[in-house]
Amino acid sequence: MQKSVGDLEQSRPRLPAGRKSDLAAFVGAEGEVTVAALADRFKVSSDTIRRDLDQLDADGVLIRTHGGAVSLTAHPRADTGVDVRSRLQTTAKEKIGALAAGLVHDDSVVIFNAGTTALSAARHLHDQRGLTVVTNNLRIPAELSPNVCRDLWVVGGAVRLSAQATLGPLAFRAPGQVNEINIRCDLAIIGVGAVSAEGGYSTSNLDEAVMMADMMNRATKVAVLADSSKFGRSLFAQIADLGAADYLITDTPPPAELAAALAAHDVQVLVPGDGG
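Structural notes, computed from the coordinates. This one's a predicted model, so the numbers in the text were calculated from it and none came from an experiment.

### Here's the deal with the pairing of strand β9 (residues 185-191)
Each regular strand shows side chains that alternate between the opposite faces of the sheet. A large share of β9 lies buried, amounting to six of its seven residues. Of the strand pairs in this sheet, strand β4 (residues 109-112) and β9 are connected by three bridges, and their pairing is parallel. Looking at β9, one finds that Phe-112 is bridged to Ile-189. Where β9 and strand β12 (residues 219-225) come together, six bridges link them in parallel fashion.

### So, helix α9 (residues 206-217)
For α9, with 12 residues, the first-to-last C-alpha span of 17 Å sits near the 16 Å given by 1.5 Å per residue. Looking at where α9 begins, the residue whose side-chain oxygen comes 3.1 Å from the main-chain nitrogen of Asp-207 is Asn-205.

### What about a nonpolar patch on the surface?
A surface patch of nonpolar side chains, about 410 Å² in accessible area, is lined by Leu-138, Leu-152, Val-154, Val-159 and Leu-161. Assignment of secondary structure puts Val-154 in strand β6 (residues 149-154). Judged by its relative accessible area of 42%, Val-154 is partly exposed.

### Topic: the nonpolar core
In this structure, Val-192, Val-195, Tyr-201, Met-216, Val-224 and Ile-239 are the most contacted members of the largest nonpolar core, which totals 34 residues. Put simply, the parts of the chain that give this core at least two residues each are β9, α9, β12, β13 (237-240) and α10 (256-264). Looking at this core, the element that brings in the most residues is α9, giving six residues. Other than its neighbours up to four places away in sequence, Val-195 contacts Gly-200, Tyr-201, Ala-226, Lys-230, Phe-231, Gly-232, Arg-233, Leu-242 and Leu-258. Among the nonpolar cores identified, the runner-up in size contains 25 residues, and Ile-140, Leu-144, Val-148 and Leu-187 belong to it.

### Details of helix α7 (residues 116-123)
In terms of burial, α7 is largely enclosed, as seven of its eight residues are buried. Thr-116, Thr-117, Ala-118, Leu-119, Ser-120, Ala-121 and Ala-122 are the residues of α7 that are buried.

### A closer look at the environment of Thr-90
Locating Thr-90 in the fold gives a position in helix α6 (residues 90-101). Among the residues examined, Thr-90 registers a relative accessible area of 38% and is labelled partly exposed. Sequence spacing of Thr-90 and Thr-116 is 26 residues, and the spatial spacing of their C-alpha atoms is 9.2 Å.

Rules of the game
- Residues numbered from 1 in each chain as written.
- Predicted model: local features only at pLDDT ≥ 70, side-chain atom pairs only at ≥ 80, totals over all residues.
- Heavy atoms only, no water.
- Buried < 20%, exposed > 50% of the residue type's maximum accessible area, 1.4 Å probe, protein only.
- Helix = DSSP H or I, 4+ residues; strand = E, 2+ residues; numbered from the N terminus.
- Pairing = 2+ DSSP bridges.
- Expected span 1.5 Å × (residues − 1).
- Polar contact = N/O pair within 3.5 Å; in protein donor to acceptor, adjacent residues only side chain to side chain.
- Patch = residues over 30% accessible without salt bridge, like charges linked within 9 Å, V, L, I, M, F, W, Y side chains within 5 Å.
- Areas by Shrake-Rupley, 256 points an atom, 1.4 Å probe, with all protein chains shown as cover.
- Salt bridge = Lys/Arg side-chain N within 4 Å of Asp/Glu carboxyl O.
- Core = buried A, V, L, I, M, F, W, Y, C linked by side-chain atoms within 4.5 Å.
- Contact = heavy atoms within 4.5 Å.

Here it is in structure tokens:
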């Protein structure tokens, strides 16, 4: 039986350029895919898929991970490492970080949680002086200039290696003392995993949620950082209700329902170019 043109086209091997285009589109649609799944779908070897992914990563089309690939706009899983997270939503994080840094005043006490958006805010601290910085983000100390920071405290205990963060109480004790020394800060800069009208601010890790809530409770002002991909989502562990923040700093205005809920809780939304 004679084959149709369509049958012939489907039977021909995909050229590398065409396969890479299809592969990139598939990863973009799925968010996160393994090498094995891609090899099975495109009927080529795992080595071929690895080479394709390496090239697509070098071209800035997707993010190569151990065992697979992640879309540049994917929602990261709870166990996604900080190296991958740092490459997601990079433009939005830079804008958010710059806005957040603008809230930091000279000689103030600022607390940062772990995460790549909070890290971006710390990287934008250039002109401030005399800051006392408290953080559980293990990447922040290397990013702070001695000209900016007067004192730096790393809190927490156990290290969560995938997040490059410590997890534990915000506890300080004087030598020979049993009671904790209470600490306060002028501003808490807290990156969160999700923001919704019903669920407030949330994250995927319970221990992180507890620590982030404590940071917020110890601050005179709280700035929550979240790019627009976090809107309308609720993750495993709630950090706080919407009203726990004074500012929500993001890259684009929230959708109407969330915007109304934030306004009802007197949360000021700051976005690039809004004059805020």
